[in-house]
Amino acid sequence: MITPFWTNIRYHGAVYLHSVDLWLDPRASREWAFVSHAHSDHVAAHQEAVLSPGTARLLAARDVMPRAAAVLPFGETRTVRGVACTLYPAGHILGSAQLLATVNGRSLLYSGDCKLRPNLVAEAIVIPRAEVLIMETTFGHRRYAFPPQEAVIAEMRAWVAAALADGATPVLMGYSLGKGQEILAALDGCGHEILLHASLYEMTRIAEELGATFPPYDRWAPGRGAGGVVLCPPHLRKWIRGKLPPHRAAIVSGWAFDPRARYRYGADAAFCLSDHADYQDLLTYVERVGPRRVYTVHGYAGAFAGDLRRLGYDAHALDQADQLELF
Ligand SMILES: [Zn+2]
């Protein structure tokens, strides 16, 4: 029988733990929130927030620090508003954290966005056990079986070398925080000049402050790029492509699993390197947490909860409204 303590869990645009009045990654400003990581879809200026030191540093750079912050190093437990909070690395981006919340010995784990495979830049995931689990299911459909990372990275490096041999500048598109740094790290030892768009450059400098190491790179400027590799965020692809010498563009994303992805991003190639767990890794995650009840959010929350029930778990999707939008 599940403890009644953690059963009053709601979804109103974000997960809300009613029994302790705590919001998890709300997009709107709230009185008290946990911010799992610094991606902009998880961030707002809250009154008080629990977050990791890495996330605090990245939020400060994005000018969205909460008024009061409980900055918790990984593995340290602190009681905030009556809840014993411990953060564990989530392996998604630098500073990304899972929250283990415990009240009267009853534990609840919130995954945030997470990745089980080694992240080339972020801290490796550490998975604690918990009684109740709230987890992201972005790629929670069984068709998402990501290829081995080493193979994807080898393909990407070969594509870069081939473009350069043909006299074209390879442009690799990934988000300015997280994926951009993983792409840069994946190019380690390639020997090419690597130029980063300003937004990616700024985030990479902060990542270095936080302890990450990268191959040599420089800031891209209009007109630069011939003979080198350019990294830029996907939303700037049209803007930057007008300012480059002859080039080829590739999108680097978990969504590249879909063979049509490159057309959606207006790219010549697509490489499936994700900073989220794929389907099998999500199942492994649940096994390792060993929860008595699971709540799923984001992406394929309904399908994944259904699969967990077939495996004998007490599992429920929290955000049906989100899913209706997806289908
Ligand atoms: Zn994220």
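Residues numbered from 1 in each chain as written. Predicted model: local features only at pLDDT ≥ 70, side-chain atom pairs only at ≥ 80, totals over all residues.

A. Spotlight on the overall build of the protein chain. Secondary structure summary: the protein chain contains nine helices and 19 strands in total. Here the C-alpha atoms of the protein chain give a radius of gyration of 20 Å, agreeing with the 20 Å that 2.2 N^0.38 yields for 327 residues. Based on the C-alpha atoms only, the size of the protein chain along its principal axes is roughly 65 × 45 × 30 Å. Of all 327 residues assigned to the protein chain, the portion counted as buried reaches 47%. (Helix = DSSP H or I, 4+ residues; strand = E, 2+ residues; numbered from the N terminus. Rg over C-alpha atoms; globule rule 2.2 N^0.38 Å. Buried ≥ 20, exposed ≤ 12 C-beta atoms within 10 Å, placed from the backbone.)

B. Fine view of the domain arrangement of the protein chain. Structurally, the protein chain comprises domain 1 (4-143 + 276-326) and domain 2 (149-271). Here domain 1 and domain 2 have C-alpha centroids that lie 29 Å from each other. Counting residues at the interface gives 15 residues for domain 1, matched by 14 residues for domain 2. Looking at side-chain class alone, the side of domain 1 that touches domain 2 contains eight nonpolar, five polar and two charged residues. (Domains from an automatic or database assignment. Contact = placed C-beta atoms within 7 Å. Nonpolar A, V, L, I, M, F, W, Y, C, P; charged D, E, K, R; others polar.)

C. Quick look at the sheet that holds strand β12 (residues 169-173). Spatially, six strands are ordered β14-β13-β15-β12-β16-β17 in an open sheet, and the strand pairing comes out parallel. Across the chains shown, the open sheet's two edge strands, defined by having one partner strand only, are β14 (218-219) and β17 (269-271). In the packing of helix α4 (residues 198-209) onto the sheet, the strands contacted are β13 (194-196), β14 and β15 (229-232), and the crossing angle to β13 comes to about 100 degrees. (Pairing = 2+ DSSP bridges. Axes fitted to C-alpha atoms, helices over the stretch in contact; angles between N-to-C directions.)

D. Examining the sheet that holds strand β18 (residues 293-297) more closely. Taking strand neighbours across the sheet as the criterion, the seven strands line up as β7-β8-β9-β10-β11-β18-β19 in an open arrangement whose pairing is mixed. Strands at the two margins of the open sheet, each flanked by one partner only, are β7 (77-80) and β19 (315-317). The mean inter-strand angle of the sheet, taken between neighbouring strand axes irrespective of direction, is 20 degrees. Relative to strand β10 (residues 106-110), strand β9 (residues 97-103) is paired through five bridges, and the arrangement is antiparallel. From the neighbouring strand, Val103 faces β10, where its bridge partner is Arg106.

E. Broad picture of the nonpolar core. The biggest cluster of nonpolar side chains holds 99 residues, and the ones touching the most others in it are Met173, Leu231, Ala250 and Val252. Considering every element that reaches this core, the biggest residue donor is helix α7 (residues 279-289), with five residues. Non-local contacts of Leu231, meaning those with residues more than four positions away in its chain, are made with Leu172, Gly174, Gly180, Ile183, Leu184, Ile194, Leu196, His197 and Leu200. (Core = buried A, V, L, I, M, F, W, Y, C linked by C-beta atoms within 7 Å.)

F. Representation of the pairing of strand β5 (residues 48-51) within the structure. As defined by bridge partners, strand β4 (residues 32-34) adjoins β5 across three bridges and the pair is classed as parallel. Its bridge partner lying in β5, Phe34 is registered against Val50. Sheet analysis places β5 next to strand β6 (residues 68-71), joined by four bridges and oriented parallel. Along β6, the bridge assignment pairs Val50 with Ala70. For the crossover that starts at β5, traverses helix α1 (residues 53-61) and ends in the parallel β6, the hand is right-handed. (Right-handed = clockwise from strand over helix to strand, strands pointing away.)

G. Seen up close, the packing of helix α3 (residues 179-186) against α4. At their nearest, the axes of α3 and α4 sit 9 Å apart, and the two run at 75 degrees to each other. Taken together, the axes of α3 and α4 are roughly perpendicular relative to one another. Along the contact surface, α3 presents Gly180, Gln181 and Leu184, while α4 presents Leu200, Met203, Thr204 and Ala207. When its residues are assigned to classes, the contact of α3 with α4 shows four nonpolar, three polar and no charged. (Parallel < 35°, antiparallel > 145°, perpendicular 65-115°, else oblique.)

H. Molecular detail of the pairing of strand β16 (residues 247-252). Relative to β16, β12 is paired through five bridges, and the arrangement is parallel. Its bridge partner being in β16, Val171 is matched across the sheet by Ala249. Taken together, the three bridges between β16 and β17 define a ladder with parallel strand orientation. The residue of β17 that forms the bridge with Ala250 is Ala269.

I. View of the confidence of the model for the protein chain. Per-residue confidence for the protein chain averages 93 on the pLDDT scale, and 96% of its residues sit at or above 70. Counted against residues more than four places away or in other chains, residues 321-327, with its pLDDT under 50, gives three contacts. (pLDDT = per-residue confidence, 0-100.)

J. Spatial organisation of the environment of Leu196. For Leu196, the location among the structural elements is in strand β13. Placed 37 residues apart in sequence, Leu196 and Pro233 show a C-alpha to C-alpha distance of 9.5 Å.

K. Structural detail: helix α2 (residues 149-165). With 17 residues, α2 should cover 24 Å at 1.5 Å per step; its first-to-last C-alpha distance of 24 Å lies within 8% of that length. The complete set of buried residues in α2 reads Ile153, Met156, Val160 and Ala163. All buried residues of α2 lie within an arc of 90 degrees about the axis, which places them on one face of the element. Across from the buried face of α2, at angles greater than 90 degrees, the exposed residues are Glu150, Ala151, Ala154, Ala158 and Ala165. Each element contacted by the buried residues of α2 is listed here: β12, α3, β15, β16 and β17. Phi for Gly167, located one or two positions after α2, is positive at around 80 degrees. (Expected span 1.5 Å × (residues − 1). Arc of directions from axis to C-beta.)

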